[in-house]
2 protein chains.
Amino acid sequence: MTSLPERYEAYLDCLNAQEWGRLGEYVADGVHHNGRKLGLSGYREMLIGNYEEIPDLSFKAGLLVCEAPRVAARLDFDCTPKGDFLGVPANGRRVSFAENVFYEFRGGKIVTVWSVVDKAGIEEQLKAG
Amino acid sequence: MTSLPERYEAYLDCLNAQEWGRLGEYVADGVHHNGRKLGLSGYREMLIGNYEEIPDLSFKAGLLVCEAPRVAARLDFDCTPKGDFLGVPANGRRVSFAENVFYEFRGGKIVTVWSVVDKAGIEEQLKAG
């Protein structure tokens, strides 16, 4: 049995490899995201959409706090959205930002996600640029 | 010795009671907030400013993930900012939103805070209202 941090890092590896066929090893069929039931297929579509908008997207946990069955991660992004990003016109400009996100695992799979992306920080950078 | 979750809840109680003279029991002199060194006095000023802008502010952890020396909390707010809030004109309208925040403790006191407030969620609610 792998530890919860190992399990979570393997999930991030799966995202970074864009191995969508393996997403169901880490994400439960009935997964909820920010209070909405997306399900595995909706969750996969969301991630594929993220990569379409941000081709150089890469997931890296700068902070990881684990207390089973929960993981909290601060994800550090440094990437180049093609067009609008969270309503901010990025248009190919590089931007660094964080996402603070909580996950609940059941049976080794993510069942619930509560995510907040630092929109204010993105706005500040892209206005300054 | 109290546990880290108990220590964190006592910190929230101190904020909710606005007992600013006791803040130094929970927050270190050289505290950093989102990469900036605020120090205890700057941190206190930030919180007092929050209460001036949002008189009915109340701190409540909906999710708490603890792995010493770190605490991750999802704070659920339901409050009524007087004027602008994060650049959004709230003007006395009620708004519910989350803050996902990481703390690092040293010697029982908070030394580092990494916070993201759900600005996109606030904008969505106040546009709809």
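The rules we used
- Residues numbered from 1 in each chain as written.
- Chains lettered and ligands numbered in written order.
- Predicted model: local features only at pLDDT ≥ 70, side-chain atom pairs only at ≥ 80, totals over all residues.
- pLDDT = per-residue confidence, 0-100.
- Pairing = 2+ DSSP bridges.
- Helix = DSSP H or I, 4+ residues; strand = E, 2+ residues; numbered from the N terminus.
- Contact = placed C-beta atoms within 7 Å.
- Nonpolar A, V, L, I, M, F, W, Y, C, P; charged D, E, K, R; others polar.
- Least-squares fit on C-alpha atoms with pLDDT ≥ 70 in both.
- Axes fitted to C-alpha atoms, helices over the stretch in contact; angles between N-to-C directions.
- Core = buried A, V, L, I, M, F, W, Y, C linked by C-beta atoms within 7 Å.
- Buried ≥ 20, exposed ≤ 12 C-beta atoms within 10 Å, placed from the backbone.

**What about the confidence of the model for chain A?**
Here chain A shows a mean pLDDT of 95. Residues at 70 or above account for 98%. Interface confidence for the predicted complex, given as ipTM, is 0.95, next to a pTM of 0.96.

**Thoughts on the pairing of strand β8 (residues 109–117) of chain B**
Residues and elements named next belong to chain B. As paired elements, strand β1 (residues 27–33) and β8 share 3 bridges and run parallel to each other. By the bridge assignment for β8, His32 is matched with Thr112. Sheet topology places strand β7 (residues 95–106) next to β8; 8 bridges connect them, and they run antiparallel. Looking across to β8, one finds that Tyr103 is bridged to Val113.

**Observations concerning the interface of chain A and chain B**
Of the residues lining the interface, 17 residues belong to chain A; the matching set on chain B comes to 17 residues. Every element with two or more residues in the side of chain A that touches chain B is listed here: β3 (61–67), β4 (70–79), β7 (95–106), β8 (109–117) and α3 (119–128) of chain A. Residue composition of the side of chain A that touches chain B, by class: 11 nonpolar, 1 polar and 5 charged.

**Considerations on the relation of the copies chain A and chain B**
Structural alignment of chain A on chain B gives an RMSD of 0.0 Å, achieved by rotating through 180° and translating 0.0 Å along the axis. Considering both components of the superposition, the chain copies are consistent with a two-fold axis. Same-surface contact between copies: 100% of interface residues of chain A are shared with the interface of chain B.

**Focus: the sheet that holds β1(B)**
Residue and element names in this part refer to chain B. Across the sheet, which stays open at both edges, the 6 strands sit in the order β2-β1-β8-β7-β4-β3 with mixed pairing between neighbours. At either margin of the open sheet sits one strand with a lone partner, and together these are β2 (36–37) and β3 (61–67). With respect to the sheet, helix α1 (residues 4–16) is in contact with β3, β4 (70–79), β7 and β8, its orientation differing from that of β3 by roughly 140°.

**Here we look at the nonpolar core**
By size, the foremost hydrophobic cluster in this structure holds 38 residues, and its most contacted members are Val71(A), Ala72(A), Phe102(A), Val71(B), Ala72(B), Phe102(B) and Ile110(B). Of all hydrophobic cores here, the second largest spans 16 residues; its members include Val117(A), Ile122(A), Phe77(B) and Val116(B).

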